[in-house]
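Here is how the chains run, residue by residue.
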Amino acid sequence: TSAESPMTAGTANEPTRWTFFKTPTPFAGPYAITIGPDLRPWFTEFSASQLARVALGNRITEFALSGFAPTELTTGGDGLIYIVFNNGNSILRSDTHGHTTVLSPPCCDNTYGVTRGPGGDVWFTQDGKIGHVARSGVISVFSIPSGKVRAQGITMGPDGKLWFSELFADAI
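Residues numbered from 1 in each chain as written. Predicted model: local features only at pLDDT ≥ 70, side-chain atom pairs only at ≥ 80, totals over all residues. Heavy atoms only, no water.

Caption draft 1: Local environment of the pattern of salt bridges. For the coordinates displayed, the defined rule picks out 2 salt bridges. As a salt-bridge pair, D121 and R135 come within 3.9 Å of each other at their nearest N and O atoms. Placement of the pair is D121 in the loop between β11 (111-116) and β12 (122-126) and R135 in the loop between β13 (129-133) and β14 (139-143), with a sequence separation of 14 residues. The buried category is assigned to D121, whose relative accessible area is 18%. Here D127 makes a salt bridge to R150, at a shortest N to O gap of 3.5 Å. (Salt bridge = Lys/Arg side-chain N within 4 Å of Asp/Glu carboxyl O. Helix = DSSP H or I, 4+ residues; strand = E, 2+ residues; numbered from the N terminus. Buried < 20%, exposed > 50% of the residue type's maximum accessible area, 1.4 Å probe, protein only.)

Here is the structure:
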């Protein structure tokens, strides 16, 4: 159950209605949000080490992630939710019931950003690398030619190509 807190904002010409939902776990630290394969909002709770879904009736359901501190997430073309952690070398994938599988990239770097890319496969960023998760769960990692920089955010552009930011190189 969640506490709904409506707030109205905007101008006289452009009224906007905002509705806020409290997480069931106090101080959960909601971090990132995506639309899941069930067309419901899913989000990470960094401080509580949880994955959460806003279910029908605006009820929030939380799923424990066993000590992981989740940051970014995306929905893959295989109908699973992929979650990354910037404090470890793991990627979790979850079904809509909260059942997770741990995937480990072949290198020991932290993971930062994650997105659904061309063909529905999942792509993620690491220090100096871009990673690819095939629907089979096989992970490939590619070095970034510009050197050892932190690839941070990643998304698929309207051109169907992957775009990512290099935090310390001041580049995309």
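That shown, we press on.
Caption draft 2: Just the sheet that holds strand β7 (residues 73-75), in detail. The sheet built from 4 strands is open, its strands ordered β7-β8-β9-β10 with antiparallel pairing. Strands at the two margins of the open sheet, each flanked by one partner only, are β7 and β10 (100-103). Strand-to-strand twist in this sheet, taken as the mean axis angle between neighbours without regard to direction, amounts to 20 degrees. As judged from the 4 bridges shared by strand β9 (residues 91-94) and β10, these two strands associate in the antiparallel manner. Residue pairing for β10: S94 is matched across the bridge by T100. (Pairing = 2+ DSSP bridges. Axes fitted to C-alpha atoms, helices over the stretch in contact; angles between N-to-C directions.)

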